[in-house]
Amino acid sequence: MQTLTAAEAGLISCHVCHALACRPTNSHGRIECPRCGAHIHSRIPGSIRDTWCYLIAAIVLYIPANVYPIMSVVWLGKGEPATILEGVVQLIEEGMWPLALIVFVASIFIPLLKMVVLAFLLISVQRKSTWRLVDRTRLYRLTEFVGRWSMVDIFVIAILAALVQFGSLASIEPGIGSLSFAAVVVLTMFAAHRFDPRLIWDACND
Amino acid sequence: MTNSYNTTLIACHDCDLLQRLPAIRSPGKVNCARCGATLQRYSRNSLDRSLALAVSGLLLFFVSNLLPFLALNAQGRVQDSSLLSSSMILWQEGNIFLGLLVFATTFLFPLFSLLAILYLLAPLKFGKRPRFSIHVFRYLQSTEPWGMLEIFMLATLVAVVKLGDIATVIPGPAMYAFSLLIVVLAALSISLDPQLIWHRLDRQCKR
Ligand SMILES: [Zn+2]
Ligand SMILES: [Zn+2]
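Remember, predicted model here, so these are calculated numbers, not experimental data.

Let's talk about the packing of aromatic side chains
What the rule picks out here adds up to 12 aromatic pairs over all chains. Both rings, one in Phe190 of chain A and one in Trp146 of chain B, keep their centres 5.7 Å apart while their planes meet at 50 degrees; by these two values the pair is tilted. On the criterion of chain membership, the pair formed by Phe190 of chain A in helix H6 (residues 176–194) and Trp146 of chain B in the loop between helix H4 (133–143) and helix H5 (149–163) is interchain, its members lying in two chains. Look at Phe190 of chain A and you get partly exposed, because its relative accessible area is 36%.

So this is what it looks like as structure tokens:
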């Protein structure tokens, strides 16, 4: 199998419209896609630095997201705030296994998986590892695909809050935890978007 | 700077491998030979089908947002809620970031996608090129992951089951429209062929 990459051929692939443009020899400053006008680049500029920034911000915010209550359900005037993990435990105690599983996967497993995988990909790219290139690319695509689903818990809080809003019986208030958690989801989505998987393959082209 | 570009070759967006596209477009996916990424997706009658799906999607979107979505019956008190009330309540309670996030992901971005697809495809169907088409299409592609209606659907199911013990939850008419909307949006994302749209835009291009 011949392996010629666009970069080696002196071409730049537009990330928006996928047109292949020739890289000008005196390339100073920004290059625009001849077809759609997007600013194009052979590799995302500052990809590793930016991804690390978003990722570290996400990891830092992940702590308050788990320590502080994600929402408090006040039922007939009394009630206590619960964190993400306590919410899952409550669901298990009430026998709602399928729900507990959904919340566990979306709110605990996926964010952790995503942060660990992104850190692993960044470190392996920085070390120019040629280990399991295809699998690492698949891992990247997986994190990019599943990341959005962590929003489930935020939406659940919003729906519950809207449903019981005027009820004097109960009220549901989002806590600091949910704010931090939403920020973690958004930041990891930015991080995954900023990571350039072509860097994984550059290690074997050098 | 040269204004030329090549569209018979494609570089994989995940591994940068250059490869030739098949000359005959048959329905299905074209995957990267090296890393397996989906390079292109063809579907039959992509333009007509996407247009029809986008029109029905827009209608369902309005129905879902205008009619009551869920009602809660707790000890004789009935509380209606609409799709938008979830973001409104967060906003009112001072959670501006959360309110905006829910509003953008469940209303703004999905609505923009549907309108943008209609705006692009309807003129292209009649061989015309809408104004600002390139900008609209670029924004459409970059905002795609931020429309989260299908995730909201899962959240609705979770919320309904969670409230099951303490109150009766009655699905409103918007709930049925919303479920259909999710199916239509999934079909739309499969039938939409970005490369076909770029080709059409190229052909209509008068530089
Ligand atoms: Zn382009
Ligand atoms: Zn590839």
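Picking up after the structure, the text goes on.
A word on the coordination of the zinc ion (ligand 2)
Residue and element names in this part refer to chain B. Taken together, Cys12 (SG), Cys15 (SG), Cys32 (SG) and Cys35 (SG) make up the full set of protein donors to the zinc ion (ligand 2), lying 2.2 to 2.4 Å away. Of note is the zinc ion (ligand 2), whose four donor atoms meet at the metal with angles of 102 to 113 degrees in an arrangement that counts as tetrahedral. Here the donor residues of the zinc ion (ligand 2) are spaced in sequence according to C-x2-C-x16-C-x2-C. With Cys15 in the loop between strand E2 (9–11) and strand E3 (18–20) and Cys32 in the loop between strand E4 (28–31) and strand E5 (38–42), this pair connects stretches of sequence that are 17 residues apart.

Things to note about the domain arrangement of chain A
Its domain assignment divides chain A into domain 1 (1–42) and domain 2 (45–205). Here domain 1 of chain A and domain 2 of chain A have C-alpha centroids that lie 34 Å from each other.

Topic: the coordination of the zinc ion (ligand 1)
Residue and element names in this part refer to chain A. Within the protein, the zinc ion (ligand 1) binds to Cys14 (SG), Cys17 (SG), Cys33 (SG) and Cys36 (SG); these donor distances fall in the range 2.2 to 2.3 Å. One can describe the donor arrangement at the zinc ion (ligand 1) as tetrahedral, given that its four donor atoms subtend angles of 104 to 113 degrees at the metal. Taken in sequence order, the residues that donate to the zinc ion (ligand 1) follow the motif C-x2-C-x15-C-x2-C. The burial state of Cys33 is the same as that of Cys36; both residues are buried.

Structural notes on the nonpolar core
Membership of the largest hydrophobic core comes to 124 residues, with the highest contact counts inside it found for Cys36 of chain A together with Phe178 of chain B. Not counting residues within four places of it along the chain, the set of residues in contact with Phe178 of chain B comprises Ser64, Phe69, Leu83, Leu149, Phe152 and Met153 of chain B. Residues Leu11 of chain A together with Leu9, Ala11 and Leu18 of chain B belong to the second largest nonpolar core, which totals six residues.

Structural notes on the interface of chain B and chain A
The interface is formed by 68 residues belonging to chain B together with 65 residues belonging to chain A. Both sides of the chain B and chain A interface together cover about 6100 Å² of buried area, and 70% of this is carbon and sulfur. Where chain B touches chain A, the interface holds three salt bridges. In this structure, Arg43 of chain A and Asp16 of chain B form a salt bridge, with 2.9 Å as the shortest nitrogen-oxygen distance. Here chain B and chain A share 13 residue pairs in polar contact (both at pLDDT 80 or more) between them. Of all the elements, H5 of chain B adds the most residues to the side of chain B that touches chain A, at 11 residues. A class-by-class count of the residues in the side of chain B that touches chain A yields 37 nonpolar, 20 polar and 11 charged. Here strand E2 (residues 20–22) of chain A runs beside strand E1 (residues 5–6) of chain B; their pairing, made up of two bridges, is antiparallel.

Here's the deal with empty space enclosed by the protein
All names here are of chain A. In this structure the tally under the stated criterion is two cavities of 30 Å³ or more. What the second largest cavity holds in volume is close to 30 Å³. What lines the second largest cavity is simply Pro111, Lys114, Gly147, Ser150, Val184, Val185 and Thr188. Looking at the lining of the second largest cavity, the elements that each hand over two or more residues are helix H3 (97–126) and H6. It is H6 that contributes the most residues to the lining of the second largest cavity, three residues altogether. A class-by-class count of the residues in the lining of the second largest cavity yields three nonpolar, three polar and one charged.

Looking at the pattern of salt bridges
Applying the stated criterion to the full structure yields 10 salt bridges over all chains. A salt bridge links Arg198 of chain A to Asp196 of chain A, with the shortest nitrogen-to-oxygen separation between them at 3.0 Å. Take Arg198 of chain A and Asp196 of chain A: they sit in the same class, and that class is buried. One salt-bridge network, held together by shared partners, links Arg43 and Asp202 of chain A together with Asp16 of chain B.

Definitions and limits used
Residues numbered from 1 in each chain as written. Chains lettered and ligands numbered in written order. Predicted model: local features only at pLDDT ≥ 70, side-chain atom pairs only at ≥ 80, totals over all residues. Heavy atoms only, no water. Phe/Tyr/Trp six-rings, centres within 6.5 Å; stacked < 30°, edge-to-face > 60°. Helix = DSSP H or I, 4+ residues; strand = E, 2+ residues; numbered from the N terminus. Buried < 20%, exposed > 50% of the residue type's maximum accessible area, 1.4 Å probe, protein only. Donors = N, O, S within 2.8 Å, 3.2 Å for Na, K, Ca; no water. Tetrahedral: all angles 85-135°; square planar, octahedral: opposite > 155°, others 65-115°. Domains from an automatic or database assignment. Core = buried A, V, L, I, M, F, W, Y, C linked by side-chain atoms within 4.5 Å. Contact = heavy atoms within 4.5 Å. Buried area = accessible area lost by both parts, 1.4 Å probe. Salt bridge = Lys/Arg side-chain N within 4 Å of Asp/Glu carboxyl O. Polar contact = N/O pair within 3.5 Å; in protein donor to acceptor, adjacent residues only side chain to side chain. Nonpolar A, V, L, I, M, F, W, Y, C, P; charged D, E, K, R; others polar. Pairing = 2+ DSSP bridges. 1 Å grid on protein atoms, 1.4 Å probe; cavity = no way out; pocket = protein on both sides within 12 Å on 5 of 7 lines; lining within 4 Å. Points joined across faces, edges and corners; volume = space filled by probe spheres on them.

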